[in-house]
Amino acid sequence: MRCKNMLPRGVVSSSLGVAAVVLLGALSACTYSGQIDQPFTQKVTWFSYLNGDDIRERCQPGSGFEYRLVYNGRYDEQIRSYELVDDRAGGARLTSRVQEGIGIDVTKISVTNPLKKNAWTKSQSTLTPDERIQFENALEASGAGRASSEGLRLFSGEFYWVANICHDGVFVFNAWRYPSDRFEDLAFPKLLLAMDKTGVKFNPPRYIPAADRIQANDSHPDRRDYNTTFNIEVGDNGIKGAAGKI
């Protein structure tokens, strides 16, 4: 994890509003390099993780395929992450992760385990060559291999998918926001959920009133101190900018 102005260009972090986590806000410009399961790592590298900075660095000719699909089911309610890596035997290794209830309510923090709310439920499995091909076909049908989401704005309190795709040494970033025709046409989520062995129920997308976004971005400390609120803008094949707090 490198923490010296390493976020995608234009990414900034606002004041967190809580003295105990000011340091975390200051370190939010860290580049992700592993261990997303660790709460501190997640807090300071989440935008880099979404942008696939580590995958971009590894994505070279001959490096094999690597896919990261992240579902934002309202960040404070549920996030899901799926990482598929070439097993060099025709199949793939799949790591599934789910995190629920990320928003920190200081009245509900466990004294014995204060980081419990940030824990991930994790499972690992192996895809056969046929399953891998089926999944890659679903990615292609979803348009994941074509950078086509530039200008899209993603709010942490809504529902969206983000994809980091490395194949044949070429990296592509994509995103799909609900509700939209592009989101409805996605083919890969159904396959991912079928292969997911975490046992955590999927938080399906639902309509979020515009008033919720306005309230969530309100600077009033009673609303922002203990809730995660951030906005992301998609640029040319990656995150152009982000503002808010993790």
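Criteria and thresholds
- Residues numbered from 1 in each chain as written.
- Predicted model: local features only at pLDDT ≥ 70, side-chain atom pairs only at ≥ 80, totals over all residues.
- Heavy atoms only, no water.
- Helix = DSSP H or I, 4+ residues; strand = E, 2+ residues; numbered from the N terminus.
- Buried < 20%, exposed > 50% of the residue type's maximum accessible area, 1.4 Å probe, protein only.
- Phe/Tyr/Trp six-rings, centres within 6.5 Å; stacked < 30°, edge-to-face > 60°.
- Pairing = 2+ DSSP bridges.
- Axes fitted to C-alpha atoms, helices over the stretch in contact; angles between N-to-C directions.
- Contact = heavy atoms within 4.5 Å.
- Disulfide = S-S within 2.5 Å.
- Polar contact = N/O pair within 3.5 Å; in protein donor to acceptor, adjacent residues only side chain to side chain.
- Nonpolar A, V, L, I, M, F, W, Y, C, P; charged D, E, K, R; others polar.

J.: Talk me through unusual backbone geometry; I want residue IDs and the actual numbers.
T.: Cis peptide bonds are those with omega within 30 degrees of zero, and the linkage from tyrosine 178 to proline 179 qualifies with -5°. Here proline 179 shows up in the loop between strand S7 (170–177) and helix H5 (181–184). Positive phi, normally seen in glycine, also occurs at glutamine 35, with a value near 65°. Following the sequence through the fold, glutamine 35 ends up in the loop between helix H1 (22–26) and helix H2 (39–51). One non-glycine residue, arginine 74, lies in positive phi territory at about 65°. On the basis of relative accessible area, arginine 74 is assigned to the buried category, the value being 19%.

J.: Could you give me a rundown of the packing of aromatic side chains, with the residues and numbers involved?
T.: Under the criterion given, the structure shown has 15 aromatic pairs. Taking the centre distance of 6.5 Å and the plane angle of 35° together, the rings of tyrosine 71 and phenylalanine 159 count as tilted. With tyrosine 71 in strand S1 (residues 66–73) and phenylalanine 159 in strand S6 (residues 159–167), this pair connects stretches of sequence that are 88 residues apart. Neither residue differs from the other here; tyrosine 71 and phenylalanine 159 are each classed as buried.

J.: I'd like to hear about the sheet that holds S6, residue by residue, with values.
T.: Pairing within the open sheet is antiparallel, and its 6 strands lie in the order S4-S3-S2-S1-S6-S7. The open sheet is flanked by strand S4 (121–127) and S7, the only strands paired with a single partner. The mean angle between the axes of side-by-side strands here comes to 10°, regardless of whether they run parallel or antiparallel. Here S1 runs beside strand S2 (residues 78–86); their pairing, made up of 7 bridges, is antiparallel. Across the sheet, glutamate 66 pairs through a bridge with valine 85, a residue of S2. Strands in contact with helix H6 (residues 188–195) are S1, S2, strand S3 (92–100), S4, S6 and S7; relative to S2, the strand with the most contacts, it is inclined by about 90°.

J.: If you had to explain the state of the cysteines to someone new, which residues and values would you point to?
T.: What the rule picks out here adds up to 1 disulfide. Between cysteine 59 and cysteine 166 runs a disulfide, and the two sulfur atoms are separated by 2.1 Å. Here the disulfide of cysteine 59 and cysteine 166 is right-handed, its torsion about the S-S bond being about 95°. On the criterion of sequence distance, the pair formed by cysteine 59 in the loop between helix H3 (53–58) and S1 and cysteine 166 in strand S6 is long-range, its members being 107 residues apart. Just as cysteine 59 is buried, cysteine 166 falls in that class too.

J.: Tell me what's going on with the sheet that holds strand S5 (residues 153–155), and back it up with residues and numbers.
T.: Strand order in the open sheet made by the 3 strands is S5-S8-S9, with antiparallel pairing throughout. Edge positions in the sheet fall to S5 and strand S9 (238–245), since each has one partner strand and no second. When the angles between neighbouring strand axes are averaged without regard to direction, this sheet yields 15°. In this fold H2 packs onto strand S8 (229–235) and S9, with an angle of close to 155° to the strand it touches most, S9.

J.: Before we move on, can you summarise the environment of arginine 58 with the specific residues and values?
T.: When you line up the elements, arginine 58 lands in helix H3. Linking arginine 58 and phenylalanine 171, residues 113 residues apart in sequence, is a C-alpha distance of 9.7 Å. Polar contacts involving the side chain of arginine 58 include one to the side chain of glutamate 66, which spans 2.6 Å.

J.: Lay out the packing of helix H4 (residues 129–141) against H6 in plain terms, naming residues and giving numbers.
T.: Direction vectors running N to C along H4 and H6 enclose 145°, while the axes themselves pass 8 Å from each other. On H6, the residues that touch Gln134, Phe135, Ala138 and Leu139 of H4 are Phe188, Leu191, Leu192 and Met195. In the contact of H4 with H6, the residues fall into 7 nonpolar, 1 polar and no charged.

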